[in-house]
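Chain by chain, the residues run as shown.
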Amino acid sequence: MTSPVRTERHDDVLVIVSDNPPVNALGAAVRQGLKDGVEEGLADDAVKAIVIRCDGRTFHAGADITEFGKPPQGPNLPETLDAMEASSKPVVAAIHGTALGGGLEVALSCHYRVAVPSAKLGLPEVNLGLLPGAGGTQRLPRVVGVEKALDMIVFGKPIGAKEAEAIGLVDKLADEDALAETAIAFAKEMAKKDSHPATSARTDKLPDATEVEQIFEDFKQKNHRKIRGFDAPAANIRCIHAAATLPFEEGIKVEREEFMKLMQGDQSKAQRHLFFAERQAAKIDDVPKDTPLIPVKKVGIIGAGTMGGGIAMNFLSAGIPVTMLEMKQEALDRGTGVMQKNYAGNVKRGRMSEEQAKAAMDRLSTTLDYADLADCDLVIEAVFESMDVKKDVFGKLDAHVKDGAILASNTSYLNVDEIAQATKRPGYVLGMHFFSPANVMKLLEVVRGAETRGDVLATVMALSKKIGKVAVVAGVCHGFIGNRMLSPRQREANKLILEGAKPWDIDRVHQEFGMPMGPFQMADLAGLDIGWHRDPNRIESLRDELCAMDRRGQKTGAGFYDYDENRRGTPSQDVEDLIRKWADKEGVEQREISDEQIRERTIYTMVNEGALILEEGMAQRASDIDVVWVYGYGWPRYRGGPMFWADLEGLDTIVGGLEKHADKMPELKMSALLKDKAAKGETFN
Ligand code: 3HC
Ligand code: NAI
C-alpha cells in the first residue's frame, strides 16, 4: 500500500506532505509517514529545516476516530510528536482548513506555526467525551496561557487564525494562496537560529503558583452549569491544572491516565456515536449520492407567526432571499417586527455584526399576493395546524408557483401525503418540520411523502446543511419521529400522577437523567390549552379542569406548577389535591411509586416507540432517532440518544421493565423488533 505521506525537497527544506482525504485524519499510516518523514529530515545533513503540511481541503483535522476502541496499530501519536519536538532542526506547521484535535497537537509539537487567515485551530476532543491525548492539554497552556487554554479545551470551540496569531498560537500569517511558499521561507529563516523553542520546555505563559488555584476556582464557578453531567470537561480541567502545577513529564502522565479513563467510559462512546450518527443522518439510503440537486435561489414562506419568522431567518442569514406571505398586513408587520428584534438580540450577544443583521433583513420581502411567489424554488408553509387550511394553501401554491418548485409543510402532526394530494405535483411535496425557536433549534425532520421524488428529498437535505440544520428523514406517521415518541411518555406520565407519583418527582427523574426538563415542565411551557376545547364548563379530564381554572401553564402564571414573575416553578398543593380528586373519581388507587418505575414507564416506553418507528420504516436507522432526540429535545449528549442508551441499558432489561408494568399499560403496543433483538442479545446501533 502506498503511504498517504510523501516528502518533497525545496532546497534545504524537507516538506512532509500528507494526503489522506477527506480530512487528513491521523490514522496509523499517516502517523508512520510523519515519523518517517522527520527521521528522513534528521538523517540528511543537507536538510536544515522541516515543514509539515497537508494536501486537500484541510490540515490534519484530528486523530482518526474510526480507530478508537480498536487494537492500536503503528506508532502512537504522542511518541511521534515527541520525536518531532525533539528535532534539532526547526519544524514548521503550515496550516490551512482546520487544525483540530490531534492535528493541533501536531502543530503544537512543531517549533513554529504558519497559517492562512481562514484557518481554524482548536482542540474539540471534549465534544467526543475525550481530552486531547497527545500532549495537547500540556502544550496548549504553555503556548497561550492557562485561561485561554481552559476556554479552548473545555468548550472545544476552534478559534480563527487571526485570533490565534494574536495570542501567540500562530507565529506568522500567510496569504491564502501562498501557504507552502511562506512556510518554506519562514523555515529557512528560522534555520539560521541556534536553537528552537520546544513547547514542552516553555513556562513563560504559565501562571505563578500564587495565582493558579484562583484561576481554576473562578473558571469552575463561572461555568459549572454549562458542563453539568459531562465527565470530560472536569477531566480536561484536571489535566490543565496539572500543566500549570507539575513538570511536563508528570503532567503528561495525568493526561494519559485521564484520557484512558474517558476513552473506556460510556459517555465518550455515546458522544462518538453521535458524531457519526449526525453525519450518517444526512444520507438517504435509496437516493444515489450523485443525484442532481434542484437549485434553490429564492424561498417563499407562508405564515409569519411563531414558526414562519424563525424559519425565514435561517435562509436570510444564509444569504438566500425570502418572500413571506400572510393573510393581512398587520400579521406581516407583527412577524417582521419579531424578526427584527431577534436579529437585534443576535447583534447584542455578538453572534453577528450589525451589517450582517441588516443585510439579512434586506433579503426579506413581504406580500399578500400569491403571484409574488411565482419564481420561488422552494415554498415552506407554516400556517395554522388545520388540514383544511393547509390544503387550501397548497392548492393556491400549486396554481401560482412555477413548475418544478418544491412545496413543503411545517406541520407537526398532519398527513403530508394528504396535503400533497391538494396539488398536481405530489412528487415535489414534503414536510420540513422545524423546531421552535426555528432560528435557533438545530433539528429539522424532513418528512418524505409516498410520492416525494429523490431529487426533491436530496435537495432539501443538502439545503438543510447550508442553513446550519441537522436534518433527519422521517416517514409519514402521526408526530413523525420526535413528537411521536413524546406521546407515550406523556401518556404514561399523566397516568402515573393519578397512580400516586407527583408531577415534580417525574420531572426530577427526567432532569436527573439529564433532560433539560420533564414532561410536566414541558407541558406548562408549551401551554396546557393546546388542543383544549375551550369550554370551561366541559370538564372531562384533569387537564380540562386545570385550563378551566386558568392554570394553563407558564403564560398564565400557573399550570402543574405555580410560577413567580421570573417563571420559576414551585410545586402546587392545589394541583396535588386536584390530582387526588381525579384519581378518586377515576377509581385509580394511589400508591408509592419509585424513581425506577417512573423511568421504566416513561423512558422505556419511548424506546419501544422508537423501535416501532424503526420496524415500520418511519426512520432509516436507529441512530437517526438518536439525532432527533439530541438536537430536538435536549436528550443529554453523554447518553447518546434513546436507542443508543437502550443498547447500553440492555434491550432485555428494557423489555423486562416494560413487561413488568403490562397490567398498567394496556395501551402499549410492544415492538416486535425490540423483543426480537432483546431475545437475540442484539443492539440497535
Ligand atoms: N476521524 C475519522 N473520520 C473523520 C474525522 C476524524 N477525525 N473527521 C471527519 N471525519 C469524516 C466524517 O465522518 C465524514 O465522513 P463521511 O463523508 O463518510 O460521512 C468526512 O470525514 C467529512 O466530514 P464532515 O462531513 O464533518 O465534513 P465537514 O467539512 O463538514 O467538517 C471537520 C470537517 C470540521 C473537520 C469535521 O469533520 C470535524 O469536526 N471533524 C472532527 C474533528 C475532531 O473532533 N477532531 C478531534 C478528534 S479526537 C483526537 O484528535 C484525539 C487526539 O487528541 C488524540
Ligand atoms: P402561529 O399561529 O404562530 O402562526 C401561524 C400564522 O399563519 C399566523 O400568523 C396566521 O396569520 C398565518 N396564517 C394562517 N392561515 C393562513 C393562510 N391561509 N394564509 C396565510 N397565512 C395564514 O402558528 P405557529 O406556531 O407558527 O405554527 C405554524 C405551523 O407550524 C403549524 O402547522 C404548527 O403545527 C407547526 N409547528 C409549530 C411549532 C411550535 O412550536 N409553535 C413547532 C413545529 C411546527
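Residues numbered from 1 in each chain as written. Chains lettered and ligands numbered in written order. Predicted model: local features only at pLDDT ≥ 70, side-chain atom pairs only at ≥ 80, totals over all residues. Heavy atoms only, no water.

## Some remarks on the sheet that holds strand β8 (residues 159–160)
Sheet strands line up and pair through hydrogen bonds in the backbone, either parallel or antiparallel.
1) Next: Within the open sheet, the three strands sit side by side as β5-β7-β8. Their pairing is mixed. Unpaired on one side and paired on the other, β5 (98–100) and β8 mark the two borders of the sheet.
2) Next: Of the strands in this sheet, β5 and β7 (120–122) are in contact with helix α3 (residues 102–109), which crosses β5 at around 90°. (Pairing = 2+ DSSP bridges. Helix = DSSP H or I, 4+ residues; strand = E, 2+ residues; numbered from the N terminus. Contact = heavy atoms within 4.5 Å. Axes fitted to C-alpha atoms, helices over the stretch in contact; angles between N-to-C directions.)

## Considerations on the packing of helix α26 (residues 651–660) against helix α27 (residues 672–680)
1) Next: One can describe the packing of α26 onto α27 by two numbers: an axis separation of 8 Å at closest approach and a directional angle of 125°. Classified by the angle between their axes, α26 and α27 sit oblique to one another. Viewed along their axes, α26 and α27 form a crossing whose handedness is left-handed. Where α26 abuts α27, its residues L651, D652, I654, V655, L658 and E659 lie against L674, K675, K677 and A678. (Parallel < 35°, antiparallel > 145°, perpendicular 65-115°, else oblique. Left-handed = near helix turned anticlockwise from the far one by under 90°.)

## Quick look at helix α14 (residues 354–362)
1) Next: Within α14, burial applies to A357, A360 and M361. The buried residues of α14 occupy one face: seen down the axis, they fall within an arc of 95°. Away from its buried face by more than 90 degrees, α14 exposes E355, K358 and D362.
2) Next: In the core, the buried residues of α14 are packed alongside α12 (306–317), α13 (329–348) and β12 (364–367). (Buried < 20%, exposed > 50% of the residue type's maximum accessible area, 1.4 Å probe, protein only. Arc of directions from axis to C-beta.)

## With respect to the domain arrangement of the protein
1) Next: Along its sequence, the protein is organised into domain 1 (5–264), domain 2 (299–477) and domain 3 (502–592).
2) Next: Taking only C-alpha atoms, the centre of domain 2 and the centre of domain 3 are 33 Å apart. (Domains from an automatic or database assignment.)

## Re the pairing of strand β17 (residues 470–475)
1) Next: For β17, the buried fraction is high: six of the six residues fall into the buried class.
2) Next: In β17, alternate side chains face the same way, and those of V470, V472 and A474 on one face and A471, V473 and G475 on the other are all buried.
3) Next: The pairing of strand β16 (residues 443–448) with β17 spans six bridges and is classified as parallel. Looking across to β17, one finds that V446 is bridged to V473.
4) Next: Chirality of the crossover, the property in question, places the unit of β16, helix α17 (residues 454–466) and β17 among those that are right-handed. (Right-handed = clockwise from strand over helix to strand, strands pointing away.)

## Digging into the site of ligand 2
1) Next: Close to ligand 2 lie 20 residues; M307, E326, E385, K390 and S412 are nearest.
2) Next: A distance of 3.3 Å separates an oxygen atom of ligand 2 from a polar atom in the backbone of V383.
3) Next: N410 is positioned such that a nitrogen or oxygen atom in its side chain is 2.9 Å from an oxygen atom of ligand 2.
4) Next: Taken by itself ligand 2 offers 820 Å² of open surface, and the protein chains cover 79% of this.
5) Next: Breaking the shell around ligand 2 down by element, the ones donating at least two residues are α12, α15 (387–400) and β15 (429–434).
6) Next: Partitioning the shell around ligand 2 into residue classes produces nine nonpolar, eight polar and three charged. (Near = heavy atom within 4 Å. Polar contact = N/O pair within 3.5 Å; in protein donor to acceptor, adjacent residues only side chain to side chain. Areas by Shrake-Rupley, 256 points an atom, 1.4 Å probe, with all protein chains shown as cover. Nonpolar A, V, L, I, M, F, W, Y, C, P; charged D, E, K, R; others polar.)

## Re the site of ligand 1
1) Next: Around ligand 1 sit 25 residues, and of these R57, E105, E125, R279 and K283 come closest.
2) Next: Separating an oxygen atom of ligand 1 from a side-chain N or O atom of K283 is a distance of 2.7 Å.
3) Next: The separation between an oxygen atom of ligand 1 and a polar side-chain atom of K465 is 3.2 Å.
4) Next: The protein chains hide 75% of the 990 Å² of surface that ligand 1 would expose on its own.
5) Next: Listed by contribution, the elements that provide at least two residues to the shell around ligand 1 are β5, α3 and α11 (266–281).
6) Next: Take the shell around ligand 1: its biggest share by element is three residues, from α11.

## Examining the environment of K70
1) Next: Secondary-structure assignment places K70 in the loop between β3 (49–54) and α2 (77–85).
2) Next: In this structure, the C-alpha to C-alpha distance between K70 and L648, residues 578 residues apart in sequence, is 19 Å.

## Focus on α15
1) Next: Between its first and last C-alpha, α15 extends 20 Å over 14 residues, near the 20 Å set by a 1.5 Å rise per residue.
2) Next: Within the sequence span of α15, burial applies to M387, K390, V393, F394, L397 and D398. All buried residues of α15 project into a common sector of 135° when viewed along the axis, lining one side. In α15, those exposed residues whose orientation departs by more than 90 degrees from the buried face are D388 and A399.
3) Next: For α15, the secondary structure elements touched by its buried residues are β10 (299–302), β13 (378–381), β14 (406–409), α16 (416–420) and β15. (Expected span 1.5 Å × (residues − 1).)

## Some details on the side chain of R484
1) Next: Tracing the backbone shows R484 in helix α18 (residues 482–499).
2) Next: Judged by its relative accessible area of 10%, R484 falls in the buried class.
3) Next: At a separation of 2.9 Å, a polar atom in the side chain of R484 contacts the side chain of E616.
4) Next: For R484, the residues in contact, after removing those within four places along its chain, are C477, H478, G479, E609, L612, I613, E616 and M618.

## Some thoughts on the UniProt feature "domain: 3-hydroxyacyl-CoA dehydrogenase C-terminal" (unreviewed entry) in the protein
1) Next: UniProt annotation of "domain: 3-hydroxyacyl-CoA dehydrogenase C-terminal" (unreviewed entry) refers to residues 479–563 and 600–681 when read in the numbering used here.
2) Next: Helix makes up 52% of residues 479–563 and strand 4%. Its end C-alpha atoms lie 29 Å apart.
3) Next: As annotated, residues 600–681 has a helix share of 67% and a strand share of 0%, and its two end C-alpha atoms lie 20 Å apart. (UniProt positions renumbered as here; feature names shortened; annotations may be inferred.)

## What about the pairing of β13?
Every regular strand shows the same layout, with side chains that alternate between the two sheet faces.
1) Next: Alternating positions in β13 separate into two faces, L378 and I380 on one and V379 and E381 on the other, with burial throughout.
2) Next: Where β10 lies against β13, four bridges are found, and the strand directions are parallel. The residue bridging I302 from the neighbouring strand is E381, located in β13.
3) Next: Across four bridges, β13 lies against β14 in parallel orientation. Residue pairing for β14: E381 is matched across the bridge by S409.
4) Next: Crossover handedness for the path β13 to α15 to β14: right-handed.

## Some points on the packing of helix α4 (residues 136–144) against helix α9 (residues 232–245)
1) Next: Between α4 and α9, the least distance of the axes is 8 Å, while the angle of their chain directions is 55°. It follows from the interaxial angle that α4 and α9 lie oblique. Remark: the crossing between α4 and α9 carries right-handed chirality. Judged by residue contacts, T137, Q138, P141 and R142 of α4 engage N236, C239, I240, A242 and A243 from α9.
2) Next: Of the residues contributing to the contact of α4 with α9, the split by class is five nonpolar, three polar and one charged.

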